[in-house]
Amino acid sequence: MTPYSTRRAQLIALMQAKGGGVAIIPTAPEVMRNRDADYPYRHDSYFYYLSGFMEPEAVVVLIAGEHPKAILFCREKNLEREIWDGVRYGPVAAREKFGFDATFPIESLSTEMPKLLADTPSVFYALGHQSEYDEKLQGWLGSVRAMGRAGVVAPSAIHNVQVLMDEMRLFKDADEIALMRRAGEISAAGHCRAMRFSGPGLREYELEAELLHEFRRQGSQYPAYGSIVATGANACVLHYRASDAILKDSDLVLIDAGCEFDSYAGDITRTFPANGIFSGPQKELYEIVLASQNAAIEVTRPGKHFMDGHDAAVRVLAQGMLDTGLLNKNKVGSLDDVITNGDFRQFYMHRTGHWLGMDVHDVGEYRDLDASIAGGEPKPWRGLQPGMVTTIEPGIYVRPAEGVPEKYWNIGIRIEDDALITNTGCELMTTGAPRTVADIEALMRK
Ligand code: GLY
Ligand code: MN
Ligand code: MN
């Protein structure tokens, strides 16, 4: 068994529990960037999770019934196209290599699918994600219904296969954990390289180039998301992308970047002084954010809920805002008032974490949908369990404003690490990049 065939068997078991049927999981389409040039191809995460197959124009079909079966539709071999674009497995080699019970050329999808959908109770398919396949499915179901007078029964239900798979993907298996640790290591190495290279006078994109160099050098296929390299006031723009400003001597640099390694994402943020030495006010705020991250890490463990980390971080951040005078005690009141009234949101306006996996904002419910709640209240936040992976990423962003001490203006700080929930707590997979003031300054001195 490979991890992929194990997951296919697990999904088939979940489908059986819903009465059985046929699952259809296509990979992502190729997308044209401009004339004759495509965007770099990235397979669909659900499809890859079940197949390990990276070519475009492919579909996994799983049969959950009396005779369970895993089928792959893929491109035929084509010498001419392979001369231009590289080797294709073709159905024969793909069956052997990827362990499917059967493989077919993708061209035969429209003739095979009506046969596979005949006399099956349900279809497991994610409607509304790929209109091309929504239309194809309509056509296939129409063909099955047309056989009704011959006694063929068409599926009577459609289940969202992603709902079943999201729950599987939320809990990382041993192979995924190994890949995520590697993604974390490489991402951390990229941050270290950018920190070492940093210096006043450089452009933000020069640091980005260092990150990308390290990611690629260590075998990452691409960044897991658009890297954010933001110096000075740009660090207060949460999704800053321009990346062309000049690093000033007295500025902080915030880098939020992670690599994708064999389909799994790292997601790290580090904030460091462009010149290698934190100023007094920078250090004050940095220590608050670091303490808030440590408070969140402490409660990132089984027995706690997804939102406990955020609540712990907010408490420390809000106290720090009062202590430094970012928030004026006389105006906003006590710590509890600041939290209840949400005044802290002036300087901390995002959540402290999100699931991480194949997608940087990974799949999985954040609330316990099985909990029974009276009176239309929201469901409670989900309990943390071993195998889940979440980011822990508190921050403080100070835009100039009346009443805010000027020494903190335009400081933006975030510290982000990736945590695997273990039986007893959490394992940070991204500690290769320094987090404390002393460790950052020491690395930058080298
Ligand atoms: N880089 C995206 C995030 O931190 O959520
Ligand atoms: Mn993140
Ligand atoms: Mn991030």
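Residues numbered from 1 in each chain as written. Chains lettered and ligands numbered in written order. Predicted model: local features only at pLDDT ≥ 70, side-chain atom pairs only at ≥ 80, totals over all residues. Heavy atoms only, no water.

Q: How would you sum up the sheet that holds strand 10 (residues 228-231)? Please name residues and give values.
A: Pairing within the open sheet is antiparallel, and its 3 strands lie in the order 10-11-14. Edge strands, defined here as strands with exactly one partner in the open sheet, are strand 10 and strand 14 (268-273). This sheet shows a mean twist of 10° between the axes of neighbouring strands, independent of strand direction. Here 4 bridges tie strand 10 to strand 11 (residues 252-257), and the two strands are oriented antiparallel to one another. Paired with A230 across the strands is L254, a residue of strand 11. (Pairing = 2+ DSSP bridges. Helix = DSSP H or I, 4+ residues; strand = E, 2+ residues; numbered from the N terminus. Axes fitted to C-alpha atoms, helices over the stretch in contact; angles between N-to-C directions.)

Q: Any chance you could break down the coordination of the manganese ion (ligand 2) for me, citing the residues and the numbers?
A: Within the protein, the atoms that donate to the manganese ion (ligand 2) are D267 (OD), H354 (NE2), E393 (OE) and E416 (OE), at distances of 2.0 to 2.2 Å. All donors of the manganese ion (ligand 2) belong to a single chain; written as a sequence motif, their spacing is D-x86-H-x38-E-x22-E. In this structure, the manganese ion (ligand 2) is positioned 3.2 Å from the manganese ion (ligand 3), and both are ligated by D267. A residue pair is termed long-range when its members are at least 10 positions apart, and D267 in the loop between strand 13 (264-265) and strand 14 and H354 in the loop between helix 13 (335-341) and strand 15 (389-392) qualify at 87 residues. Taking relative accessible area as the criterion, D267 reaches 3% and is therefore assigned buried. (Donors = N, O, S within 2.8 Å, 3.2 Å for Na, K, Ca; no water. Buried < 20%, exposed > 50% of the residue type's maximum accessible area, 1.4 Å probe, protein only.)

Q: Describe the site of ligand 1, with residues and values.
A: All residues adjacent to ligand 1 are Y225, D256, D267, H354, H361, E393 and E416. Between an oxygen atom of ligand 1 and a side-chain N or O atom of E393, the distance comes to 3.1 Å. For ligand 1, the protein covers 86% of the area, taking 190 Å² as the surface of the free molecule. When grouped by side-chain class, the residues that make up the shell around ligand 1 number 1 nonpolar, 2 polar and 4 charged. (Near = heavy atom within 4 Å. Polar contact = N/O pair within 3.5 Å; in protein donor to acceptor, adjacent residues only side chain to side chain. Areas by Shrake-Rupley, 256 points an atom, 1.4 Å probe, with all protein chains shown as cover. Nonpolar A, V, L, I, M, F, W, Y, C, P; charged D, E, K, R; others polar.)

Q: Could you give an account of the sheet that holds strand 9 (residues 222-223), with specific residues and numbers?
A: With respect to topology, 3 strands assemble into an open sheet ordered 9-12-13, the strand pairing being antiparallel. What marks the edges here is a single partner per strand, and that holds for strand 9 and strand 13. Summarising the sheet, strand 12 (residues 259-261) and strand 13 pair through 2 bridges and their orientation is antiparallel. Looking across to strand 13, one finds that F261 is bridged to Y264. Each of strand 12 and strand 13 is contacted by helix 8 (residues 174-197), which is oriented at about 145° to strand 12, the strand it contacts most. (Contact = heavy atoms within 4.5 Å.)

Q: Account for the nonpolar core, naming residues and giving values.
A: Grouped together as the largest cluster of nonpolar side chains are 59 residues, with contacts concentrated most on L207, I255, L285, M321, L326 and I396. Here the element with the most residues in this core is helix 8; it accounts for 6 residues. Excluding its chain neighbours within four sequence positions, the residues that come into contact with L207 are A194, F197, S198, L202, V229, L247, V253, I255 and F272. Core analysis: the second largest hydrophobic core is formed by 40 residues, Y46, V60, M180 and M358 among them. (Core = buried A, V, L, I, M, F, W, Y, C linked by side-chain atoms within 4.5 Å.)

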